[in-house]
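This is what each chain is made of:
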Amino acid sequence: MGEVVVFRKRRGVELVMLIMAMGLATGAYLLVNLNIGGELPDGWYWGVGIYALIGIAAHAVIRWRIPYADPLLFPLVYLLNGIGLAMIQRLDLGTNPVMHSAELQLTWTAIAVAVFAAVLFLLKDHHVLQRFPYLTFLAGMLILMMPLLPVIGFENHGARIWIKIGPYSFQPAELAKIVLTIAFASYLVEKREVLALAGARVLGIDLPRPRDLGPISIMWLASLAVLIYQKDLGTSLLFFGLFVMMLYVATERPSWPILGTLLFSGGAFLGWLTYSHVQTRVSAWLDPFAHWDQNYQIIQGQFGMAWGGLFGTGWGLGRPNLTPLAKNDFIAAALGEELGVAGLMAIMVIYGVIVMRGLRTALTATEPFSKLLAAGLSFVFGLQVFAILGGVTRLLPLTGLTTPFISQGGSSLIANYAMLGLLMVVTHRVRRPAPTAEEPLQSLAHDTTQVIAVPSRPADPRPGPDFDRTPISADEPTAAVPTPSGANEPTAAIPTPPGPDEPTTAIPAPSGPDEPTSAIPTPSGPDEPTAAIPTGIDDPRPGGRLP
Amino acid sequence: MNGPIRRVAFVSMLMTLALLVNLCVGYLMRSDSLNAHPQNRRVTDAAFAQDRGAIMVGNTAIAETVPSKDQFKFQRRYPQNELYAPITGYFTYLFGASELEQTYGSQLSGSDSSQFVNRLIDLATGAKPKGASVQTTLVAKAQRAAAQALGDKKGAVVALNAKTGAVLAMVSSPSFDPNDLATHDLADSQKAWNALTKDSAKPMSNRATREIFPPGSTFKVVVAAAALEAGYEPDSVLDTSSYRLPGTNVTFNTTCGNSQTLRRALATSCNSAFARLGVKLGADALREQAEKFGFGTRPLSDIASVASRFPDEIDEPQTGLASIGGFEVAATPLQMAMVAAAVRNDGVVMQPYLVESVRSADLQVLSQTRPSQLRLATSSSNAAKLRQMMVEVVTGGTGWRAQVPGVTVGGKTGTANSDNVRTPYAWFIAWADDPDVAVCVFVQDAEMEATDVAGGRVAAPIAKAVIEALR
C-alpha cells in the first residue's frame, strides 16, 4: 500500500481552463463571421453569451455536485464543442441561402449540458449501475441493433446505423456504447475471476477455457452482424474492441486481446471476401480516385485538407462546403482545411488527452467497477475518435460514426455529454478524499495489521512512508485533512482512496507497491463493501501481498 | 488491473500517434498531387478568382483582368477579341486555360515560385496579391496588317524577327473570341464552347503552330539548300525536262524548258527540275537538311505547337514528290517562316519565342527571354547564295507581288495541290533586309485553280503588307 494521495479539487484550474477554451471557441466564431461577411452579424453577442453561460453553468454544477472531478475533462470537451459550433456556423454561412443549423446546435448543446447536469444530480454513486448486468447488456444490444428494425431504422450513405423517429434521426450506437460499457463493467466485476482461469497453453500463452468462450463469441457474432448488416466497420470495431479491452483489463490475461484481434481480423476478412459493400468501402479507402462519383465525398475531403495545407486557409477562408456532409461525417476534413494539419493535430491531441484523463481515473480507482467503467468509457471514446478521424484522413476505411462533441447532431451531443457526466462522476468518486471514520489516522500507522508489512517494491519511485508527518493540506485545506467525522458524504467510511495521481499530499499510511489497492484493514463503508476486504481484491495475482 | 489499464493507455496513445503520423504523411505525400488534380475545384476556382496579370502587346493589354461583382470578383477580358486569341488562348472556368494563359498560368496568377517574395510582401502588408504580367514580342501594327490582309480567308501568317527569332505577328484565321468562353455565365460559356468545338473550320486550332500542311514549292528552298550544301552552285545547270518518277507512271511535264540553272529553276518553281534534283540528292540528304531547319522539333514552347515532318520511310518516287513539298512532307507556317529567317540570318536558325519578359505587379522583371540559336541550317556562304536566289524569285519570278519599294525582299511561292479534291494551299515565305524580318503566309482556301501561281497571287501580297507594316 502506497502513501495515500489526496487530490485537490482544482476547480479553479478548471474555471481558468474553461475560460480559455471558451475564449478560443469565441475567437473562432468571431473570425468565421469576420472572414466571411466582413462584419459581425446582428446579435452575435447572444450566441457568444449563451455559449459562455452554458459553460459557466455547467462549471457551477460541477463545483457543487462533483467538486473532485477531473478538472481537464470539461474544458477540453467544451472547447471541442465550441470549435464544432464555430465550424457549423462557418458551413452554414457557406451555403446559399444561409442555413441556421449552428443555432440549432447551440440549443442542442444547452440540452446536452442539461442532461450532463442531470447525470451529476441523479447519479450520486455510479455503483447503482452495477446492479443488473444482464438486463443492461440486453438493453444495450437492443439499442445497438435498432437500426436493423424495419420502419425506424434506415440506411444513410451505405451504413445502416441510423434510426429515425419523426423528424429526428439518431445513431443508437452513441447510446449503446454507454449502456454496453456499464453492462460489461458490471458483468466482468462478477465474472472476472472465472474468466481469468487458464485453459490450454499454446505458444506460451494461457488460452481461456473453452467453456468461458461464450461471452466473447456472442460479442464477436454481434460485431460481425453490425459489420455485415449495418455495413459499418467503425461501429463493429467499436463494440468488439470495447468488450475485448474490458475483458483484458478485468482478467489480466493477454490471451483475450490476442484472441479478440484474431477473431476480429478473421471476421473482417471474411466480410471483405463475401460482401461487396465491404469491398466497396475498402477500395474507397485504398484508391478513392478509381470511382470518382462513388467516392466523391472522401475525394473532396482529401482535396480540402490538401488545400488547407500545413496551417490551413484560416477560419471561413477555405471551401469546406464543397465536401458533402461536411457538418457530420466530414467535419474533421473541414477543420483540416481551415485550420490545417496543425489545427487538426491539435484537435486529435485534445481527444487523446481526454482519453488519457479517463484512463488515469481508471488507474486511480480502487475498486474494479470504477476501474472497468472509467477504462471502458475512455477507451470506447478513443476508439470512436480513432475510427472516424482515421476514416476521414484515410488511415482506415471510412465509417459513418460521428466526431464526438464536434459534428452536428443533437443526439450525439446528448449521448456524449451523458457519457462525460458518468465519467466525471467516477473521477469525482475516485479522487475524492475519503475521510475515515472514528479513529485518527495517526493510529492507523501503528495498527497491528501493518506490522505484518507489505513488501515494498524496490522500483517504486515514490517516497517511502512517513509516519510522522501530518497530512499536508492542498489548496483546499478542509478537504484534504481527513476528519474523523466523515464530513463530506455518508458513504465516506472507506479507507482513503489512494492513487498514483498528484502525490502532493502524503497522508501517513503504510508503504507498499504502487498498486492502490485497498489494503488498509479498516472498517468499510456501507456502500462499497468491496473496498473493505483486506486482501486487495483488484490484484488477484498469485501470492497476494497480505496474509 | 493496473497493468492492463496501462497497456490500454499505451494502445490509446498509439492510436492517437497513428492519427497524427498518418495526417503528416498524408500531407507530405499526397498534397501536391491532390492540388494538381484537374478536377480539384478548390484549386481551379482559386485561380479563377485571382487578380490575374495582363498579357501585353507593346503597351496595350490583349488579356486583362477587370473587377467583377459576381462570386469570382474578377473577370478576364480580351479587348481585341479574335485578333490575339491564338496567342493568349482562353482562361475559362469550365474548360481550363490554353496557350499563354496556360503556359504562363502560374506567373499570371502570381503563384509561381519566382513570385514567392512578392507573395510574402503581400501577406505582410495585407495587399491583395496580383499576378505578373506577360510581355509578348508581338507588334500590334504587324498583327493588324496581317489580319487585315488575310481577311476572311482560312490561313495563318507568321512574322519573325530574323535575327532573334522573336515572333512579331502571328495570325490564325478563322479565330475565336475568348471573351465568349471566359464569361462567368457558365451556360453561355458552355454554349460558345460547343459551337466552337463543333465548327468544322476549327477556329480554336492555331493554324500557325498547331497544324501541319504540305508546304508545296516553298519546300524547294530546303531542297536548294541541300543542293548547295552538296556542292551545287546557283548557276549549276539542271535538267528540267519532263521527269517520270522512277518506277511509276507519274510524270512531271516540264514547264521550264529542257535545262536551266538552279537559280532560274527556283525562280520559276520548276517541278520537274526539283523532283529530279531531290531524287538525285537522296531522301536522307533532304531529311537532314529539313531537320537542320528545325523539322522534327516542337519549335515554340510558349504556346502549343507541333513538329513539322519529313517522312522517315520513303522510296525514290516519293522522294521526288517530297522534293516539291508533296507526299508526306508537312510543315507549320511557323516552321516555314523559320526557313526564311534562317536564310536571312546567315544560315542560323534562331529559337522562336513569343514572350519577351515576365514582370511582377510592381514591374520588376521576373524573367527575360534571351534569343538563342536552335540549329545551323547552312553555311554562311550558302545562305548568301540562297538569298540571291530568293531575291530573284521576287524580282523576276513567281513572287513579284511581294516587291516592296526600297527594301530587298527574298521569297518563295508555294502551292500545294497534291490532290485534286480540295482547293490548293497557297504559301509564300519571304524575308526582308530592312526591317530584318521573315514572313510566312499560308492560305488554306486559295479559291482558285490548282496552279502554281496561287502562292504568288494570294499569299505574296499579304507578306508584302506585313513587311510594310513592320517598316
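My aim in this report is to walk through the structure given alongside it, one point at a time. The shown structure was predicted, so the numbers you read here are calculated from the model rather than taken from an experiment. (Residues numbered from 1 in each chain as written. Chains lettered and ligands numbered in written order. Predicted model: local features only at pLDDT ≥ 70, side-chain atom pairs only at ≥ 80, totals over all residues. Heavy atoms only, no water.)

For chain A, the count of helices and strands is 17 helices and 7 strands. For chain A, the residues scored as buried account for 57% of the 547 residues in total. In chain A, the share of contacts with a sequence separation of at least 24, taken over all contacts with a separation of at least 6, comes to 78%. If you sum the accessible surface of chain A, you get close to 21,300 Å²; carbon and sulfur atoms cover 68% of it. (Helix = DSSP H or I, 4+ residues; strand = E, 2+ residues; numbered from the N terminus. Buried < 20%, exposed > 50% of the residue type's maximum accessible area, 1.4 Å probe, protein only. Contact = heavy atoms within 4.5 Å. Areas by Shrake-Rupley, 256 points an atom, 1.4 Å probe, with all protein chains shown as cover.)

In this section: the interface of chain B and chain A. Listed per partner, the contact involves 32 residues of chain B and 50 residues of chain A. In total, chain B and chain A occlude about 3,800 Å² of area from one another, counting both sides; carbon and sulfur atoms represent 71% of this. For chain B, the biggest contributors to the area lost against chain A are Met1, Leu19 and Arg42 of chain B; these three give 24% of the whole. Inspection of the chain B/chain A interface yields 1 salt bridge. For the salt bridge of Glu337 of chain A with Arg42 of chain B, the shortest nitrogen-to-oxygen distance reads 2.9 Å. Scanning the region where chain B abuts chain A turns up 10 residue pairs in polar contact (both at pLDDT 80 or more). Listed by contribution, the elements that provide at least two residues to the side of chain B that touches chain A are α1 (2-35) and α2 (41-48) of chain B. Here the element with the most residues in the side of chain B that touches chain A is α1 of chain B; it accounts for 23 residues. (Buried area = accessible area lost by both parts, 1.4 Å probe. Salt bridge = Lys/Arg side-chain N within 4 Å of Asp/Glu carboxyl O. Polar contact = N/O pair within 3.5 Å; in protein donor to acceptor, adjacent residues only side chain to side chain.)

In the contact formed by helix α12 (residues 331-364) of chain A and α1 of chain B, the axes pass within 10 Å of each other and the chain directions differ by 175 degrees. The angle between α12 of chain A and α1 of chain B falls in the class roughly antiparallel. For the contact of α12 of chain A with α1 of chain B, the residue count by class is 19 nonpolar, 4 polar and 1 charged. (Axes fitted to C-alpha atoms, helices over the stretch in contact; angles between N-to-C directions. Parallel < 35°, antiparallel > 145°, perpendicular 65-115°, else oblique. Nonpolar A, V, L, I, M, F, W, Y, C, P; charged D, E, K, R; others polar.)

Residue and element names in this part refer to chain A. Overall, the coordinates contain 28 aromatic pairs over all chains when judged by the stated rule. Judged by centre distance (6.5 Å) and plane angle (40 degrees), the rings of Tyr45 and Trp46 are tilted. With respect to class, Tyr45 is no different from Trp46; both count as exposed. Taken together, the aromatic side chains of Tyr51, Phe74, Tyr78, Phe116, Tyr351, Phe381, Phe405 and Tyr417 make up a single cluster linked through ring pairs. Over the aromatic face of Trp64 sits the side chain of Arg65, whose NZ or CZ is 5.8 Å from the ring centroid. (Phe/Tyr/Trp six-rings, centres within 6.5 Å; stacked < 30°, edge-to-face > 60°. Lys NZ or Arg CZ within 6 Å of the ring centre and 35° of its normal.)

All names here are of chain A. Taken in spatial order, the 3 strands of this open sheet run β2-β3-β4, and their pairing is antiparallel. Each edge of the open sheet is held by one strand with a lone partner, namely β2 (153-156) and β4 (168-170). Put simply, the sheet's adjacent strands are angled 45 degrees from each other on average, direction ignored. The sheet contact formed by strand β3 (residues 159-165) and β4 spans 3 bridges and is antiparallel. Residue pairing in the sheet places Ile165 in a bridge with Tyr168 of β4. (Pairing = 2+ DSSP bridges.)

Right, let's get into the sheet that holds strand β1 (residues 55-57) of chain B. Residue and element names in this part refer to chain B. One open sheet holds the 6 strands; their spatial order is β3-β2-β1-β4-β12-β13, and the pairing between them is mixed. Where the open sheet ends on each side, the last strands, each with one partner, are β3 (74-77) and β13 (365-368). Between one strand and the next, the sheet's axes are offset by a mean angle of 25 degrees, whatever the strand orientation. With 4 bridges joining them, strand β4 (residues 133-136) and strand β12 (residues 355-359) adopt antiparallel strand pairing. Note on β12: the bridge partner recorded for Thr136 is Val355.

Residues spaced three or four apart along an α-helix face the same direction, because each turn holds 3.6 residues. Residue and element names in this part refer to chain B. The terminal C-alpha atoms of helix α15 (residues 333-344) lie 17 Å apart, and with 12 residues this matches the ideal 16 Å at 1.5 Å per residue to within 8%. In terms of burial, α15 is largely enclosed, as 12 of its 12 residues are buried. Taken as a whole, α15 has its buried residues at Pro333, Leu334, Gln335, Met336, Ala337, Met338, Val339, Ala340, Ala341, Ala342, Val343 and Arg344. Two residues or fewer past α15, Asp346 is found with a positive phi of approximately 55 degrees. (Expected span 1.5 Å × (residues − 1).)

Where nonpolar side chains cluster on the molecular surface, the patch consists of Phe10, Val11, Leu14, Leu17, Val21, Val25, Leu28 and Met29 of chain B and spans about 770 Å² of accessible area. Within the fold, Leu14 of chain B resides in helix α1. (Patch = residues over 30% accessible without salt bridge, like charges linked within 9 Å, V, L, I, M, F, W, Y side chains within 5 Å.)

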